[in-house]
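Here's the letter readout for the chains.
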Amino acid sequence: MSSTLSDVFRLHPIHIPLPSLPNLKSLPDSYTWTAKDDLLFSASASSDSHESLPLIDLSDPHATTLVGNACTTWGAFQLTNHGVPSRLLDDIELLTGSLFRLPFHRKIKAARSENGVSGYGVARIASFFSKKMWSEGFTVVGSPLHDFRKLWPSHHLEYCEIIEEYERHMQKLAAKLMWLALGSLGVEENDINWAGPNSDFQGTQAAIQLNHYPICPEPDRSMGLAAHTDSTLLTILYQNNTAGLQVFRDGMGWFTVPTVPDSLVVNVGDLLHILTNGIFPSVLHRARVNHIRSRFSMAYLWGPPSDLMISPLSRLVDPLQSPLYPSLTWKQYLATKATHFNQSLSIIRNYMSSVQIS
C-alpha cells in the first residue's frame, strides 16, 4: 500500500504546516470555523432520542442481518464481542497516548513529507479547507520501525510489536465483517474472486491512523476533523472513553457516537459503496473536540489490492438496476479523491450516467 499511496500523493502533495496545538491557549482565527468554512459545520445535531447508531454483538446469531441493516440504513455501527483482546486495545491506546505526549521537537523527527505516506502530521483533508483543524495525527503504513526508532530510540521494538498484532486482528475482523455485510445482500464467496483461495482477503491493504484531539479552549467554534467519507472498503475505529465522533444521517443531522467500553466503530467506505452499487452509503463523519479532556482514536483503514478493478458486484446488478459506477482501481479512486474530495463519488457516478446515455 505504501507504493500505492506514494504514487498518488507524489502527484498531489499538500503544503500544510505541522500542528503546534499544545502551545495555543486561546482559539486563533485560523482555527475558528463557521458555516462559510464548511457547509456542514453548522448542521444541527439530531434531536431524535429514539435513534442511535446501531450497537451490534458480533456473537449474536442474527449478526449477518444486523450488520446488513446497519450498513444499509446508517453506513456505520458499533461492535461488541468482536474478538479483539481488551489488552490489545489498551496497548494501542497506550501507544497512541505515549506518541502524542512526546514533545513537539521529538514528534517532528518522524514528520510526514508533503508527498509521503507514513509519519506525523495533519490530516490530508486539511488541504480542502481554509481553516485549520484542532488535531494531530500519525499514519502507519507497513512497518513502523523506521519512524518509531526516531520517536523511541530505546523501546521502539515493543511498540512495533503492538502495531503488528493490532494489524493482524483488524485484518481478520475486517474480512469477517466484509462477508457478513455482503452476505446480507446474498453475495457469496465465489462472487469475489479477489478474496483469495481461503476467502480471507489476504491480498488487501491497510493503514493505521492514530489521532489526537487535544483539549480546546473554544470547542463550539473549532473542528477536530472536518466532515468526510473514507476512501476505503471498511474503516474500523477504536476510541478512548471521550466522545467526539459524529456520523451524519440525511434528513436527521449529526449523531454523536457514544463511548462503549471495548467497542469498535465500523463505517462503510467509498469503495464498499461502489462495490454494493450504492446500497451501502459511505457515511459522512467528523470529529468534534471539547474543553475538558483530550481524545484519542485509532482507525484501521482497509482497502483492496491497489491495482484491482473495483466495480458494482454482478450479483447486485440486473436489467432493472444498472451499474451506478464504472470500474476503477483504488489507486485511481484515491487520485480522484485527492482532487475532488467529498464530490468524488458524485463525479464518477455522473460520468457513468453520461456513458450509459451516450
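That block above? That's the structure.
Computed from a predicted model, the values in this text were never measured in an experiment.

Peer 1: Kindly report on the side chain of Ser222, identifying the contributing residues and their values.
Peer 2: Relative to the helices and strands, Ser222 resides in the loop between β5 (205–213) and β6 (225–228). The buried category is assigned to Ser222, whose relative accessible area is 1%. Here the side chain of Ser222 touches Glu218 through a polar contact of 3.3 Å, landing on its backbone oxygen. When residues no more than four places from it in sequence are discounted, the contact partners of Ser222 are Leu27, Tyr31, Trp33, Phe41, Cys216, Arg288 and Val289.

Peer 1: How would you summarise the sheet that holds strand β1 (residues 55–57) if you had to cite specific residues and measurements?
Peer 2: If you trace the 8 strands from one edge of the open sheet to the other, you get β1-β2-β10-β7-β12-β5-β4-β3, paired in mixed fashion. Taken across any chain shown, the strands that pair with only one partner, and hence form the sheet edges, are β1 and β3 (119–121). Here the strands of the sheet are splayed against their neighbours by 25° on average, with no regard to which way each runs. Relative to strand β2 (residues 76–80), β1 runs parallel, the two sharing 3 bridges. Residue pairing across strands places Asp57 opposite Thr80, the latter belonging to β2. Here helix α3 (residues 86–100) sits on the sheet and contacts β3, β4 (136–140), β5, β7 (234–239), β10 (264–268) and β12 (295–303); the angle it forms with β5, its principal contact strand, is near 60°.

Peer 1: Could you give an account of α3, naming the residues involved and the relevant values?
Peer 2: Between the first and last C-alpha of α3 there are 21 Å, a value that for 15 residues agrees with the 21 Å anticipated at 1.5 Å per step. Within α3, burial applies to Leu88, Leu89, Ile92, Leu95, Thr96, Gly97, Leu99 and Phe100.

Peer 1: Can you tell me about the packing of helix α2 (residues 63–73) against helix α6 (residues 156–183), naming the residues and giving the values?
Peer 2: At a minimum axis distance of 7 Å, the contact between α2 and α6 shows a crossing angle of 80°. With respect to α6, the axis of α2 lies roughly perpendicular. Of the residues in α6, those touching α2 at Thr64, Val67 and Cys71 are Leu180, Ala181 and Gly183.

Peer 1: Mind laying out the pattern of salt bridges, listing which residues take part and the relevant values?
Peer 2: Applying the stated criterion across every chain yields a total of 11 salt bridges. One salt bridge connects Asp37 with Lys131, and the closest N-O pair in it is separated by 3.7 Å. In this pair, Asp37 sits in the loop between α1 (2–11) and β1 while Lys131 sits in the loop between β3 and β4, placing the two residues 94 residues apart along the sequence. The class for Asp37 is buried, based on a relative accessible area of 17%.

Peer 1: Please provide a residue-by-residue account of the sheet that holds strand β9 (residues 253–256), values included.
Peer 2: With antiparallel pairing, 4 strands are arranged side by side in an open sheet as β6-β11-β8-β9. The outermost strands of the open sheet, each flanked by one partner alone, are β6 and β9. For this sheet, the mean angle separating the axes of adjacent strands, direction not counted, is 20°. In terms of strand pairing, β6 meets strand β11 (residues 285–287) through 2 bridges, oriented antiparallel. Bridge pairing in β11 places Leu225 opposite Ala287.

Peer 1: So, the packing of aromatic side chains: which residues are in play, and what are the values?
Peer 2: Summed over the entire model, instances satisfying the criterion amount to 14 aromatic pairs. Each ring, one from Phe100 and one from Phe296, has its centre 6.5 Å from the other, and the planes form 15°; the classification is stacked. You can see Phe100 sitting in helix α3 and its partner Phe296 sitting in strand β12, a full 196 residues away along the chain. The residues Phe100 and Phe296 share a single accessibility class, namely buried. Three or more aromatic residues link up through ring pairs in this structure, and these residues are Trp33, Phe128, Phe129 and Phe341.

Peer 1: An account of the nonpolar core is requested, with residue identities and associated values reported.
Peer 2: In this structure, Phe138, Phe148 and Leu177 are the most contacted members of the largest nonpolar core, which totals 73 residues. Sort the elements by how many residues they give to this core and α6 lands first, with 15 residues. With residues near it in sequence (within four places) discarded, Leu177 still touches Leu58, Phe77, Leu79, Leu234, Ile236 and Val266.

Peer 1: Describe the pairing of β9, with residues and values.
Peer 2: By the bridge criterion, 4 bridges tie strand β8 (residues 245–249) to β9 in an arrangement that is antiparallel. Looking at the pairing, Phe248 lines up with Trp254 of β9. Hairpin connection, β8 to β9: the antiparallel pair is bridged by 3 residues, and Gly251 has positive phi, about 80°.

Peer 1: Please set out the packing of α3 against α6 residue by residue, giving values where relevant.
Peer 2: Axis separation between α3 and α6 bottoms out at 10 Å; the angle between their running directions is 130°. When the axis of α3 is compared with that of α6, the two are oblique. Two packed elements cross with a definite hand, and for α3 against α6 that hand is left-handed. On α6, the residues that touch Arg87, Leu88, Leu89, Asp91, Ile92, Leu95 and Ser98 of α3 are Tyr159, Ile162, Ile163, Glu165, Tyr166 and His169. The residue inventory of the contact of α3 with α6, partitioned by class, reads 8 nonpolar, 2 polar and 3 charged.

Cut-offs applied
Residues numbered from 1 in each chain as written. Predicted model: local features only at pLDDT ≥ 70, side-chain atom pairs only at ≥ 80, totals over all residues. Heavy atoms only, no water. Helix = DSSP H or I, 4+ residues; strand = E, 2+ residues; numbered from the N terminus. Buried < 20%, exposed > 50% of the residue type's maximum accessible area, 1.4 Å probe, protein only. Polar contact = N/O pair within 3.5 Å; in protein donor to acceptor, adjacent residues only side chain to side chain. Contact = heavy atoms within 4.5 Å. Pairing = 2+ DSSP bridges. Axes fitted to C-alpha atoms, helices over the stretch in contact; angles between N-to-C directions. Expected span 1.5 Å × (residues − 1). Parallel < 35°, antiparallel > 145°, perpendicular 65-115°, else oblique. Salt bridge = Lys/Arg side-chain N within 4 Å of Asp/Glu carboxyl O. Phe/Tyr/Trp six-rings, centres within 6.5 Å; stacked < 30°, edge-to-face > 60°. Core = buried A, V, L, I, M, F, W, Y, C linked by side-chain atoms within 4.5 Å. Left-handed = near helix turned anticlockwise from the far one by under 90°. Nonpolar A, V, L, I, M, F, W, Y, C, P; charged D, E, K, R; others polar.

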